[in-house]
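Chain by chain, the residues:
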Amino acid sequence: DAKTTQPPSMDCAEGRAANLPCNHSTISGNEYVYWYRQIHSQGPQYIIHGLKNNETNEMASLIITEDRKSSTLILPHATLRDTAVYYCIVRVGGFKAGNMLTFGGGTRLMVKP
Amino acid sequence: DTGVSQNPRHKITKRGQNVTFRCDPISEHNRLYWYRQTLGQGPEFLTYFQNEAQLEKSRLLSDRFSAERPKGSFSTLEIQRTEQGDSAMYLCASSNQLRTLRTDTQYFGPGTRLTVL
């Protein structure tokens, strides 16, 4: 699986949009971009994933650049409960793929009042 | 859909003892994964099952570790002769990987925190 690079930490004001970047310049055509977050002492929580199109769900939006070498996770109105470590993971799809998730260091997002 | 559950949530044991953790995946999910997370690090893959078959094991899974999923439903992870280095959060995840799906999504349980004294 391709490697990802994320800033180690970011701050965001409560109520503002949080934009978390991820670089995955070696991504290949059959690799998906997944985002998870982990609030202290809890299991990772799935947020969103995409292949090449932008995606939106009730939690967040995922913007993938046209060349697929980077992406941005957007939390439109961050709350204090969004304070967590956010992981960007690139993963091969398909029934026969190994499918384990390879977690890097993630971005520690601190939402401040 | 009650989510992935893990028991116990916390386990304290003495070095040299055996411990067993249980994971109940989301109903009808055919894949089940085990990960380990040490303090300050991201989770690391240990092993995964497709139904009852254990398909892949990480080199992190030493001979003291064994995992089973006997009927393709719940899974157990046993650590024999625990060492202080085994202290970590043990996470379970499940997914439904169908041949018709291009990718599957793993949903994690709350984890079991192991402390080896």
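Anything mentioned here points back to the structure above.
Residues numbered from 1 in each chain as written. Chains lettered and ligands numbered in written order. Predicted model: local features only at pLDDT ≥ 70, side-chain atom pairs only at ≥ 80, totals over all residues. Heavy atoms only, no water.

**Examining the sheet that holds strand β5 (residues 55–56) of chain A**
Residue and element names in this part refer to chain A.
- Pairing within the open sheet is antiparallel, and its four strands lie in the order β2-β7-β6-β5. Each edge of the open sheet is held by one strand with a lone partner, namely β2 (18–23) and β5.
- Strand direction decides the pairing type here: β5 and strand β6 (residues 61–64), joined by two bridges, are antiparallel. Paired with Glu-55 across the bridge in β6 is Leu-62. (Pairing = 2+ DSSP bridges. Helix = DSSP H or I, 4+ residues; strand = E, 2+ residues; numbered from the N terminus.)

**Some words on the sheet that holds strand β3 (residues 19–24) of chain B**
Residue and element names in this part refer to chain B.
- Read from one edge to the other, the open sheet built from four strands follows the order β1-β3-β8-β7, with strand pairing classed as antiparallel. Every other strand in the sheet has two partners, leaving β1 (5–7) and β7 (65–68) as the edge strands with one partner each. Mean inter-strand twist for the sheet, computed between neighbouring axes without regard to direction, equals 15 degrees.
- Where β3 lies against strand β8 (residues 75–79), five bridges are found, and the strand directions are antiparallel. (Axes fitted to C-alpha atoms, helices over the stretch in contact; angles between N-to-C directions.)

**Overview of the nonpolar core**
Residues and elements named next belong to chain A.
- In terms of nonpolar packing, the biggest core is built from 21 residues, with Leu-20, Trp-35, Leu-73, Leu-75, Tyr-86 and Leu-109 touching the most fellow members.
- Mapped by element, the contributors of at least two residues to this core are β2, β3 (31–38), β4 (45–50), β6, β7 (70–75), β8 (84–92) and β9 (107–112).
- Broken down by element, this core gets its largest block of residues, four residues, from β8.
- With sequence-adjacent residues up to four places away left out, Leu-20 is seen in contact with Met-10, Trp-35, Ser-71, Thr-72, Leu-73, Leu-75, Tyr-86, Thr-107 and Leu-109. (Core = buried A, V, L, I, M, F, W, Y, C linked by side-chain atoms within 4.5 Å. Buried < 20%, exposed > 50% of the residue type's maximum accessible area, 1.4 Å probe, protein only. Contact = heavy atoms within 4.5 Å.)

**Describing the layout of surface pockets**
- Each pocket or cavity is described by its volume, and for the largest pocket that value is around 590 Å³.
- Taken together, the elements giving at least two residues each to the lining of the largest pocket come down to β8 and β9 of chain A together with β9 (88–95) and β11 (112–116) of chain B.
- Ranked by residue count, the leading element in the lining of the largest pocket is β9 of chain A, at four residues.
- Split by residue class, the lining of the largest pocket holds eleven nonpolar, 15 polar and two charged. (1 Å grid on protein atoms, 1.4 Å probe; cavity = no way out; pocket = protein on both sides within 12 Å on 5 of 7 lines; lining within 4 Å. Points joined across faces, edges and corners; volume = space filled by probe spheres on them. Nonpolar A, V, L, I, M, F, W, Y, C, P; charged D, E, K, R; others polar.)

**With respect to the packing of aromatic side chains**
- As enumerated under the stated definition, the model contains 16 aromatic pairs over all chains in all.
- When the centroid spacing of 6.1 Å and the interplanar angle of 90 degrees are considered together, the rings of Phe-103 of chain A and Tyr-35 of chain B count as edge-to-face. Of this pair, Phe-103 of chain A sits in the loop between β8 and β9 while Tyr-35 of chain B sits in strand β4 (residues 31–37), each in a different chain. For the pair formed by Phe-103 of chain A and Tyr-35 of chain B, the shared burial category is buried.
- A connected cluster of aromatic rings, assembled from ring pairs, spans Tyr-34, Tyr-36, Tyr-46, Tyr-87 and Phe-103 of chain A together with Tyr-33, Tyr-35, Phe-45, Tyr-48, Tyr-107 and Phe-108 of chain B.
- In this arrangement the basic side chain of Arg-91 of chain A is found over the ring face of Tyr-34 of chain A, its NZ or CZ atom lying 5.2 Å from the centre.
- Positioned over the ring face of Phe-74 of chain B is Arg-22 of chain B, at 3.9 Å from the centre of the ring. (Phe/Tyr/Trp six-rings, centres within 6.5 Å; stacked < 30°, edge-to-face > 60°. Lys NZ or Arg CZ within 6 Å of the ring centre and 35° of its normal.)

**Topic: the environment of Thr-20 of chain B**
Residue and element names in this part refer to chain B.
- In this structure, Thr-20 sits in strand β3.
- Considering only alpha carbons, one finds Thr-20 and Glu-78, 58 residues apart in sequence, at a separation of 4.3 Å.
- Ignoring sequence-local partners within four residues, the contact set of Thr-20 consists of Pro-8, Thr-76, Leu-77 and Glu-78.

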